[in-house]
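# Understanding the architecture of this molecule
Here's the letter readout for the chains.
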Amino acid sequence: MPAGGFFNGSDQGITVILVVLAVIAALCIFLIAVIALKKIFHSRREERDFQMTDLLVNRFEEMIDEEAVRLVKKNFGLFFERYVRLCQSTLLSEDFKQKALRCMTGLGKDRYYIRRLSARRSYKRSAAAVYLGYFPTDRARDALEKALGREKKYRVKIYIANSLADIGSPLSLGVIIQSMAGSPLWYQRSVYGVVASYGERLREHLYGLMANRSSEIQRLITHFAAVFRSEPIRMYLEDLVGAGPGDIAMEARKILYDIFYDEKDLIGKLGDGDENVRRAAIEALDNMTSREAVRALMEQLKYPRLAGDAIKAMTAVLRNEPAHMAYLLAEYRAARDDALRDGLALVLSSRMEYLLTRAARDHSIAPLIRHIICLLYTSPSPRDRTRSRMPSSA
């Protein structure tokens, strides 16, 4: 190879390397400049945030309206962002809110968000609904109510409903409840949390809905029955138990038994011919601690389809009132029915530590411990029969 060719090749290689190094250096300088600009921008943003927050907290209320409007117009994005954060984190005075509202509506900002309720993108409609919640005016409320009626996506609807509740007009309560018609269960449950903010107004509204037989309204009233306890609510639940859809009737029965019925009522229900009624009564009795409740539950141990529920309830009663231990031990020793003995053994197994401690000085406990071990650990047949009845050790 000629010497000139060798050196020409070397020069070209060096040129390529220098070009690559120059590009890398330029990229490094560019990245350093971007980082520096971001830090400067972030620093200035923090400073502006601080200045706006300081102005809102310390000087905004004293400003004359014309000066406040100029401030809002010049820095609306920053003003509204800080105003929303202050509304969420502090208790602002009503005068402050009214002044901010006058400034923003005077500039037509509520109309801007009202128009965005009709945007094609659902996230824009959701954002507009959220922001309109900070404009408690009849115009914003009316726009949100109309949007709730025409909106097809339930994930947007819940934002609209929340903003209507934030505005807090009682006129919107019926519109929010009406939006549940034909909706999925998750939306209905979300609405329960929204309308709860109406408090006593909701109670009165529910009374007016009792003639409505739609499943959505039945679920709504049943959900709030424990909160708004009253004789009309009790009568409504009893009607649902007799004629409502299956799942709603079961929930109504559970609330009736847990909230409205006393121990005497529940013990009386244990003689009902319907297993579902007896099962609900058994579950409700786990909050009682009397000897009468224990005796009534003990009788249910003889019925295979109800024994598991009775064991769980008796275990809860024993946990709440350990004084029943001696009585249950005596009943176990006296029992001659195999199902009753098995059930009592499983209930007493929840106090196994106590039984083992006592067995050291009372040898009459040993047969019970062997019975429990047989039921829970060694004998396949009894264990299969009682698997769903094993009590919790909690």
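Here, every reference points to the structure presented above.
What counts and what doesn't
- Residues numbered from 1 in each chain as written.
- Predicted model: local features only at pLDDT ≥ 70, side-chain atom pairs only at ≥ 80, totals over all residues.
- Heavy atoms only, no water.
- Helix = DSSP H or I, 4+ residues; strand = E, 2+ residues; numbered from the N terminus.
- Rg over C-alpha atoms; globule rule 2.2 N^0.38 Å.
- Buried < 20%, exposed > 50% of the residue type's maximum accessible area, 1.4 Å probe, protein only.
- Contact = heavy atoms within 4.5 Å.
- Areas by Shrake-Rupley, 256 points an atom, 1.4 Å probe, with all protein chains shown as cover.
- Lys, Arg positive; Asp, Glu negative; His and termini not counted.
- Charge placed at Lys NZ, Arg CZ, Asp CG, Glu CD.
- Salt bridge = Lys/Arg side-chain N within 4 Å of Asp/Glu carboxyl O.
- Core = buried A, V, L, I, M, F, W, Y, C linked by side-chain atoms within 4.5 Å.
- Axes fitted to C-alpha atoms, helices over the stretch in contact; angles between N-to-C directions.
- Parallel < 35°, antiparallel > 145°, perpendicular 65-115°, else oblique.
- Left-handed = near helix turned anticlockwise from the far one by under 90°.
- Phe/Tyr/Trp six-rings, centres within 6.5 Å; stacked < 30°, edge-to-face > 60°.
- Lys NZ or Arg CZ within 6 Å of the ring centre and 35° of its normal.

### What about the overall build of the chain?
- A count of helical and extended segments in the chain gives 23 helices and zero strands.
- Here the chain has a C-alpha radius of gyration of 35 Å; the compact-globule value for 394 residues is 21 Å, and the former is much larger.
- For the chain, the spread of C-alpha atoms along the principal axes amounts to about 105 × 85 × 40 Å.
- Expressed as a percentage of its 394 residues, the buried residues of the chain come to 41%.
- Taking as baseline every contact in the chain between residues at least 6 positions apart, the subset at least 24 positions apart corresponds to 62%.
- As presented, the chain carries roughly 22,300 Å² of accessible surface, and 55% of it is formed by carbon and sulfur atoms.
- Distance between charge centres in the chain, computed from 60 positive and 47 negative side chains, equals 6 Å.

### Description of the pattern of salt bridges
- Enumeration according to the criterion identifies 15 salt bridges in this entry.
- Taking the shortest distance from any N to any O, the salt bridge between Lys254 and Asp258 comes out at 2.9 Å. Pair noted here: Lys254 and Asp258 are both in helix α14 (residues 246-260), with a separation of four residues, about one helical turn.
- When its relative accessible area of 41% is taken as the criterion, Lys254 is described as partly exposed.
- If you follow the salt bridges from partner to partner, you end up with Glu275, Arg279, Arg305 and Asp309 in one network.

### A look at the nonpolar core
- The biggest cluster of nonpolar side chains holds 113 residues, and the ones touching the most others in it are Phe60 and Leu328.
- Here Phe60 is in contact with Leu55, Ala68, Leu71, Phe79, Phe96, Lys99, Ala100 and Cys103, once residues within four sequence places are set aside.

### A word on the packing of helix α11 (residues 200-209) against helix α12 (residues 215-224)
- In the contact formed by α11 and α12, the axes pass within 11 Å of each other and the chain directions differ by 140 degrees. Relative to α12, the element α11 lies oblique. The two elements α11 and α12 meet at a crossing, and its hand is left-handed. Counted together, Leu202, Leu206 and Leu209 of α11 and Ile217, Leu220, Ile221 and Phe224 of α12 form the full contact between these two elements.

### Focus on the packing of aromatic side chains
- Taken as a whole and assessed by the stated rule, the structure comprises 15 aromatic pairs.
- An aromatic cluster is present here, built from Phe76, Phe80, Tyr112, Tyr113, Tyr131, Tyr134 and Phe135 joined pairwise through their rings.
- Seen from the ring of Tyr332, Arg341 lies directly overhead, with NZ or CZ sitting 4.5 Å from the centre.
- The ring of Tyr354 is capped by Arg351, whose NZ or CZ atom sits 5.6 Å from the centre of that ring.

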